[in-house]
Amino acid sequence: MGIPGLMTFVNNRSKWVMEPFYLHDSYLVIDGNSITSQIYIYYTKGNCAFGGDYDKFARAVGIFFDQLLECGVKPLVLIDGGCELKKRNTGKKRLLAKIETAGTYTAHSDNKFFPLLLKEVFKDVMKEKGIKFAQSLLEADDDIAAISKILNCPVLSFDSDFFIYGVLYIPFNSLRHNVRKNPVGQGNIMECKIYKVEKLLKHLNGIHQSLLPVAAALLGNDYIDSSFFKDFLSQIKYPKSGSQNEQQRKIEAVFNWLHNHSLNSALEGILRKLQERHHKRILTAIRQIIDGYTSLSPCMLIPLGFSKENILKIQAEKTKKPFEFKGDIENPSSSNTMSGDNPEFDDHNKQDNQVQYKQSDQEIVDDGGTAYEKRLIKLLPTWFKEEFSIGNFPSYFIDILGGNYYMCPPQIEDYSYPSANAISFKLITVIYSLLKSDVNKSRDSLKLYIRDQRKNFIIQELEYCDRILPGIRPTLSNLRELPLSRRKKILEETLGILDSTILNNVPEKWKLYLGTAKYWCDEGLGELCTYVHMYALLFCMLFHIVDEKIGFHRSESYFNKKFGPMVESILKTKKEGVRQSSSNNVTIIEAYEKVAAEDCYVIVSFFISNFNITPDLSRNPKIFNRTIVHAFAQFQSCLRHSMQLNALLGYPYKQTKPAQLFNGTLLYNLYNNFKKRKNIEDYISLVLQHSESMLQLYNCLLMTGKSLVPNLFNNVGTEKKFRNNRKRKQNPVENEEEWS
């Protein structure tokens, strides 16, 4: 998250510290977590309220990387790993903030809410594009900065921490997302602005670069709260307010004070104004912050594909000794007095001379920050570390292994029901039990931070499961030695498809998705998960086939302008010709392979109309139904954890690609559409009447769905019908034009 106010501070001085830059023909180290968020916020035209329009996000990410590659840029993407222990309190605060936001979110909310599977989709696109990426064991910022310095190339992020690292830094908001010819050379370029630390130091009256991490500590970042330095900050001189807010005045005051000091004298000056009992811990915190900002570990170059020989050479040349304070912790020298008296400054907060430190020592700093990482490295099997470093596993696996906790990310849900993540407890238990199978001798339980029904989080404990499957007691160390067939059984038993042969004739890329759908229905059968949801989920699977056959289309006006005459011609031919009857004696694979492009063209308008918020909802926000979204949020939670269990087991099933199968807005609209039909299957047949091959595929999918969860479809047609106060002049099933 960076340092509060520093981005604004630098932006206000951009003409002095930033310069125009043509990005081309170089390495570019990308902060994966930051850029994932920025692309979603600014370039994905999706609807956040319905759980995620992953197809639109995947397209935006693809365009982003295509533009970089077009300019000869070689992206190196680093993703965050687990949460460091000293950041756990920050994680709790963010979890509470997300729960609060999700609880009041509507289809008309202006702010963005990140959907559950965003990182998985980002990784999928990178794999498809051949982009090199790696995942740090803990937070990636230090590794990003180290690689940038080693390769002497820019960092792309939107995090004010990179103003402190001293790297060549391109803020994401300065990057113009269009490619143009290089005006001063060959090839293409993307215009942006680049930050150089030398310019900031010059603007700050020649402050030494070694003092920037001290400024970060005083101003507060994710590792230490600036309130710990309240005694110190109350006694330095603040500039007169002018047009600056309090945080901007504080930043300027800190830099003005630091420019009169060396690193050691600055630390002595800070310690003199703090209670002696906190000296050691505060100094440890600052030392860790300094080491983080100045470290040059090249280890993450290995999963990015660089040779070990080059890395060893870099390590020998670039490794720096950790910072050591050259003063007396108990009795800081009084020879270097606080300096910076100036008539332009006034005294600030003299009354706050004494501070009561209510936080525990653990909250100030975890003395074993580096030790924690070393303990993790020692704890983890080699195969796990290798697969984690290439991004196969989610970051929270490290939180489970190192801290025995998991902060369940909230979604847009109906808060009158328990968290949507509760449906995944069985999946999470198996993941936890496999991860802790080497070390959990006392059989501790997993602490699950999860939403309650009062916009707060509670700690739900999940018990360790000693026996995953009868006769199978794998440990994390030997998990990869277990035959793939037995690992597959663990997944199938958990999903409830162990004895099912129904999925045998399903395309490999759909098996895990449909297996997850069965788990979702079995665990949520009743009020929230109904056959209407399943009809919608299966129909939603068709949209990617359309994209695959005829391209990505989400604008009806553009599609009609370009393809309207052709669609009319196809429909005319179909109406004049002999209608082909669909056969039920084909497998899903056979039906999938027979889908014709012309059948996709005629169905595009139906999909496009359902990819967007309906006019009724646009006019009346109150009709937004959170309960519908909640049921699909449960499915997303099931999908997330089944995918992650699948990865932990070494992919016994081909991994699901959410961007190809899940569009939250489409699902919401399909559900509402299907719910009011007297006969959903007749209605779908009408919708697909001119797309015979697509209808055949859907019928095959539906037969599979009914075989997987027969109990779900037992009550088809017996539910209380949706009430509509407007009398219909025609039966909707008989009205051929209504679907379009």
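Report on the accompanying structure. (Residues numbered from 1 in each chain as written. Predicted model: local features only at pLDDT ≥ 70, side-chain atom pairs only at ≥ 80, totals over all residues. Heavy atoms only, no water.)

1. Things to note about the nonpolar core
The nonpolar side chains of soluble globular proteins are, as a tendency, buried together.
Phase 1: Counting 172 residues, the largest nonpolar core has F384, W510, F539 and L648 as its most contacted members.
Phase 2: Top contributing element to this core by residue count: helix α29 (residues 626-648), with ten residues.
Phase 3: Not counting chain neighbours up to four residues away, the residues in contact with F384 comprise F393, F397, I398, L401, L435, L476 and L648.
Phase 4: By size, the runner-up hydrophobic cluster in this structure holds 71 residues, among which are V10, V167, F255 and I290. (Core = buried A, V, L, I, M, F, W, Y, C linked by side-chain atoms within 4.5 Å. Buried < 20%, exposed > 50% of the residue type's maximum accessible area, 1.4 Å probe, protein only. Helix = DSSP H or I, 4+ residues; strand = E, 2+ residues; numbered from the N terminus. Contact = heavy atoms within 4.5 Å.)

2. Describing the side chain of D414
Phase 1: By secondary structure assignment, the location of D414 is in the loop between β11 (405-407) and α19 (425-435).
Phase 2: Although D414 is buried, it makes no salt bridge; R626 carries the closest opposite charge, 5.5 Å away. (Lys, Arg positive; Asp, Glu negative; His and termini not counted. Salt bridge = Lys/Arg side-chain N within 4 Å of Asp/Glu carboxyl O.)

3. Some words on the sheet that holds strand β12 (residues 446-451)
Phase 1: In space, the three strands of this open sheet follow the order β11-β12-β13, with mixed pairing throughout. Of all strands in the sheet, those bounded by a partner on one side alone are β11 and β13 (457-462). Between one strand axis and the next, the sheet turns by 25 degrees as a mean value, whatever way the strands run.
Phase 2: Bridging between β12 and β13 involves six bridges; their strand directions are antiparallel. Along β13, the bridge assignment pairs Y449 with I459.
Phase 3: Contacts between helix α5 (residues 88-104) and the sheet are confined to β11, β12 and β13, with β11 contributing the most and set at about 35 degrees to the helix. (Pairing = 2+ DSSP bridges. Axes fitted to C-alpha atoms, helices over the stretch in contact; angles between N-to-C directions.)

4. Quick look at the pattern of salt bridges
Phase 1: Here the structure, examined in full by the defined rule, presents 22 salt bridges.
Phase 2: In this structure, K574 engages E692 in a salt bridge whose closest nitrogen and oxygen atoms are separated by 2.9 Å. Of the two residues, K574 is situated in helix α24 (residues 556-576) and E692 in helix α33 (residues 692-708); the sequence distance between them amounts to 118 residues.
Phase 3: On the basis of relative accessibility, which here comes to 15%, the residue K574 falls in the buried class.
Phase 4: Residues participating in the shared-partner salt-bridge network are K574, E598, D599 and E692.

5. Points about unusual backbone geometry
If a residue is not glycine, its phi is most likely negative; likewise, a peptide bond is most likely trans.
Phase 1: A positive phi angle, near 45 degrees, is found at D25, a position not held by glycine.
Phase 2: In this fold, D25 is placed in the loop between β1 (18-23) and β2 (27-31).
Phase 3: With a relative accessible area of 52%, D25 lands in the exposed category.
Phase 4: Even without being a glycine, N404 presents a positive backbone phi close to 60 degrees.
Phase 5: Among the residues examined, N404 registers a relative accessible area of 14% and is labelled buried.

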